[in-house]
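Single-letter residue listing:
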Amino acid sequence: MAGVAVSTTINGDAVEYLCQPDETLLDVLRDRLGLTGAKEGCGTGDCGACSVIVDGRLVCSCLVLGAEAEGRKVETIEGMAHGDQLHPLQQKFLEHAALQCGICTPGFLIAAKDLLEKNPSPTEEEIRFGLAGNLCRCTGYDKIVRAVQDAANVMKGA
Amino acid sequence: MRYIRPLSIEDAVGELAKAVGPAAILAGGSDLLVRMKGGFIEPELIVDIKAIGGLADITETADGFRIGAAVPCAVLGENKALRKAWPGVVEAANLIGSKQVQGRCTITGNLCNASPAADSVPALAAAGARAVVAGPSGKRTIAVEAVPTGPGRTSLAKGEIIEAILLDKRPDHAGDAYLRFIPRTEMDIAVVSAGVNLTLDEKGAIKTARVALGAAAPTVLLVEEAGQVLVGSKLDEATLERLAKICSGACRPIDDKRGTIEFRRKVAGVLAQRAATTAYKRAGGK
């Protein structure tokens, strides 16, 4: 089967791939492009572990077809750090130990980045509601919220 | 399976009309991809409607608002004019799913998925919203409550696509509101819900009223009698009592693990009262 030819931009790089019409963007990222940062938790848009940003919108890549990325701009966790320089959110997740098993972490980081870009000074409640589409079954969320608050302060000062 | 992204509504309609096997329309995909993954639908053709001109836009016209079928719910929440005119519709649309889902899901998809518990549908029905349907024999405009015919079923014929939802321009002293009951704070499906849309006269008495209930019957319930009982009142306690009684009586809910029939009946009345009170305040009533 020939598949669908897609030209897109991922983390600023022009990327071309062939995918099946029913293949999700998550599967394309992980299985065809080797970008395994986005995780498949539920595959039905409930857990947020596969979160990516498409044309400035936070989405679950498991609910996007690979074919839909044609002409779009996709941002994944792999584009978050600049070389060895971690994004403030990544740094603060480490400092606050805001992860245990780490499966949910890329999704939380992408969702938190999107949140802070739209609302640089969120209240705790806004953070908790803003990240409600991301499930963590280890930490109980508190450390994640603290890390996001701390990162927001650092980013405002920068 | 074939994936296509037509540039015109005519092409999309044409492809759907001549499709031999099961075909699906893709806008946000937040229901479609889940159903495909679960094996509930195996389309041979997917028609992505997002590249069709105008379908991704909200336009304000002399008559009101035209919300394209591919507009994500998050964009509704970011549109100040729409939020000001129809706060109940927007709050209902913004209750659907997480931030991630909001970036994709659409009110047209919510309507066509035809879940009895769809959040935006009671608010749209109360608002008197209409759906513009494009099909092989041209276009027609129908009331949104005429779209769902049962859980997962719609009145749309083969080849038909809803291309936009229309909301009227608001007169002065108008307000709407939507409330749902869920056992959590968010990320849940309505156990029962209510949308209320009111306009007031200069003295603050209710001039027109529409009340719709969700998850209370196989399809959205537009309770005309509930609207009528509000007309002429200023939402005094006796009127609110009657409103609740009518709404509870109109329910034909199911009994399931999320709520019993008795619970849904009772809460439908309470939510209608509260939504009416909020809509009344938003309309400037005191």
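This structure is a prediction, so every number in the text was calculated from the model and none was measured.

**Q** What am I meant to see in the overall build of chain B here?
**A** When its secondary structure is counted, chain B shows 11 helices and 14 strands. Here the C-alpha atoms of chain B give a radius of gyration of 19 Å, agreeing with the 19 Å that 2.2 N^0.38 yields for 286 residues. Projecting the C-alpha coordinates of chain B onto the three principal axes gives extents of approximately 60 × 45 × 35 Å. For chain B, buried positions account for 52% of its 286 residues.

**Q** Honestly, unusual backbone geometry in this entry has me stumped. Any pointers?
**A** Leave glycine aside and you will find that most residues have negative phi; peptide bonds, for their part, are mostly trans. Residues and elements named next belong to chain A. Look at D55: it is not a glycine, yet its phi comes out positive at around 50°. Its location among the elements puts D55 in the loop between strand 3 (51-54) and strand 4 (57-60). Assessed through the 13 C-beta atoms surrounding it within 10 Å, D55 is described here as partly exposed. One non-glycine residue, Y141, adopts positive backbone phi at about 75°.

**Q** Looking at this model, I keep getting lost on the domain arrangement of chain B. Mind explaining?
**A** How big an interface is tends to be reported as the loss of accessible area on association of its parts. Residues and elements named next belong to chain B. In terms of domains, chain B is made up of domain 1 (2-49 + 58-168) and domain 2 (184-282). Computed from C-alpha coordinates alone, the two centres of domain 1 and domain 2 are separated by 24 Å. With 20 residues of domain 1 in contact, the opposing surface of domain 2 contributes 21 residues. Grouping the amino acids of the side of domain 1 that touches domain 2 by side-chain chemistry returns 13 nonpolar, 5 polar and 2 charged.

**Q** Can you walk me through the domain arrangement of chain A in this structure?
**A** Residues and elements named next belong to chain A. When cut into domains, chain A gives domain 1 (4-79) and domain 2 (88-157). The C-alpha centroid of domain 2 is placed 21 Å from the C-alpha centroid of domain 1. Facing the 13 residues of domain 1 at the interface are 11 residues of domain 2. If one sorts the elements of the side of domain 1 that touches domain 2 by residue count, strand 3 sits on top with 3 residues. Partitioning the side of domain 1 that touches domain 2 into residue classes produces 8 nonpolar, 4 polar and 1 charged.

**Q** Teacher, can you tell me more about the sheet that holds strand 6 (residues 130-135) of chain B here?
**A** Residues and elements named next belong to chain B. Reading across from one edge, 4-5-10-6-7 is the order of the 5 strands in this open sheet, with antiparallel pairing throughout. A single partner strand is all that each edge strand has here, and the edge strands are strand 4 (58-61) and strand 7 (138-143). On average, each strand axis in the sheet is tilted by 25° relative to the strand beside it, whichever way the strands run. By the bridge criterion, 4 bridges tie strand 4 to strand 5 (residues 64-68) in an arrangement that is antiparallel. Bridge pairing in strand 5 places T59 opposite R66. Contacting strand 6 and strand 10 (161-168), helix 1 (residues 9-18) crosses the sheet at an angle of about 130° to strand 10.

**Q** What am I meant to see in the packing of helix 2 (residues 88-95) of chain A against helix 3 (residues 105-118) of chain A here?
**A** Geometrically, a packed helix pair is captured by the angle between its two axes and the distance between the axes. Residues and elements named next belong to chain A. Interhelical geometry of helix 2 versus helix 3 gives an angle of 130° and a closest axis separation of 10 Å. Taken together, the axes of helix 2 and helix 3 lie oblique to each other. Viewed along their axes, helix 2 and helix 3 form a crossing whose handedness is right-handed. The segment helix 2 lies against helix 3, with L89, Q90 and F93 engaging T105, L109, A112 and K113. Partitioned by chemical class, the residues of the contact of helix 2 with helix 3 number 4 nonpolar, 2 polar and 1 charged.

**Q** Is there a simple way to explain the interface of chain A and chain B in this structure?
**A** Listed as interface residues are 23 residues of chain A and, on the opposing side, 21 residues of chain B. Among the elements that take part in the side of chain A that touches chain B, strand 4 of chain A stands out by supplying 4 residues, more than any other. Of the residues that constitute the side of chain A that touches chain B, the class distribution is 12 nonpolar, 8 polar and 3 charged.

**Q** I tried to follow helix 11 (residues 261-282) of chain B on my own but got confused; where do I start?
**A** Given 3.6 residues to a turn, an α-helix orients residues that are three or four positions apart in the same direction. Compared with an ideal rise of 1.5 Å per residue, which puts 22 residues at 32 Å, helix 11 of chain B spans 31 Å between its outermost C-alpha atoms and is within 8% of the ideal. Immediately downstream of helix 11 of chain B, the backbone of G284 of chain B shows phi near 95°, a positive value.

**Q** Looking at this structure, how should I read the packing of helix 10 (residues 237-250) of chain B against helix 11 of chain B?
**A** Residues and elements named next belong to chain B. Interaxial distance between helix 10 and helix 11 falls to 8 Å at its minimum, and their mutual angle equals 140°. Considering the angle they form, helix 10 stands oblique to helix 11. For the pair helix 10 and helix 11, the sense of crossing is right-handed. Of the residues in helix 11, those touching helix 10 at L240, L243, A244, K245, C247 and S248 are R265, K266, A268, G269, V270, A272, Q273 and A276. Among the residues making up the contact of helix 10 with helix 11, the classes are represented as 8 nonpolar, 3 polar and 3 charged.

**Q** Before we go on, may I ask you to explain the pairing of strand 12 (residues 192-200) of chain B in this structure?
**A** On a regular strand, each side chain points to the face opposite its neighbour's, so the side chains alternate between the two faces of the sheet. The element strand 12 of chain B is largely enclosed, with a buried count of 8 among its 9 residues. Linking strand 12 of chain B back to strand 13 (residues 206-214) of chain B in an antiparallel pair, the connection comprises 5 residues, with G204 of chain B at a positive phi of about 90°.

**Q** Just checking my understanding: could you explain the sheet that holds strand 3 of chain A for this structure?
**A** Strands in a sheet are paired, the pairing made by backbone hydrogen bonds, and the direction either parallel or antiparallel. Residues and elements named next belong to chain A. Across the sheet, 5 strands lie side by side as 2-1-5-3-4; this open sheet has mixed pairing. Each having just a single partner strand, strand 2 (13-19) and strand 4 make up the two edges of the open sheet. Within this sheet the neighbouring strands show an average axis-to-axis angle of 40°, counted without direction. Bridge analysis of strand 1 (residues 4-10) against strand 2 gives 7 bridges, and the strand direction is antiparallel. Each bridged residue has a counterpart across the sheet, and for S7 the counterpart in strand 2 is E16. Together, strand 3 and strand 4 form the strand contacts of helix 3, whose direction differs from that of strand 3 by roughly 40°.

Rules used in this analysis
- Along each chain, numbering runs from 1 in the same order as the chain's sequence is written.
- Labels follow written order: the first chain is A, the first ligand is 1, and so on.
- Per-residue local features of the predicted model are confined to residues with pLDDT of at least 70, and side-chain atom pairs are confined, for both listing and counting, to 80 or more; whole-chain, interface and lining totals are unaffected and use all residues.
- Numbering goes from the N terminus for both helices and strands, where a helix is a DSSP run of H or I of at least four residues and a strand is a run of E of at least two.
- For the radius of gyration, the atom set is restricted to C-alpha positions; the globular benchmark scales as 2.2 Å times the number of residues to the power 0.38.
- Three exposure classes are used. Buried residues have 20 or more other C-beta atoms within 10 Å of their own C-beta, exposed residues have 12 or fewer, and partly exposed residues fall in between, all C-beta atoms being placed from the backbone.
- Start and end points for every domain follow an automatic or database-based domain assignment.
- Note on contacts: each residue gets a C-beta atom placed from the backbone, and two residues are in contact if those atoms are within 7 Å.
- Note on residue classes: Ala, Val, Leu, Ile, Met, Phe, Trp, Tyr, Cys and Pro are nonpolar, Asp, Glu, Lys and Arg are charged, and everything else, Gly too, is polar.
- Strand pairing is assigned whenever DSSP detects at least two bridges linking the two strands.
- Each axis is a line fitted through C-alpha atoms, taken for helices only over the stretch in contact, and angles between the N-to-C directions span 0 to 180 degrees.
- We call two directions roughly parallel when the angle between them is under 35 degrees, roughly antiparallel when it is over 145, roughly perpendicular when it lies between 65 and 115, and oblique otherwise.
- Note on convention: the crossing is left-handed when the near helix lies turned anticlockwise from the far helix by less than a right angle, right-handed when the turn is clockwise.
- One less than the residue count of a helix, multiplied by 1.5 Å, gives the span that helix is expected to have.

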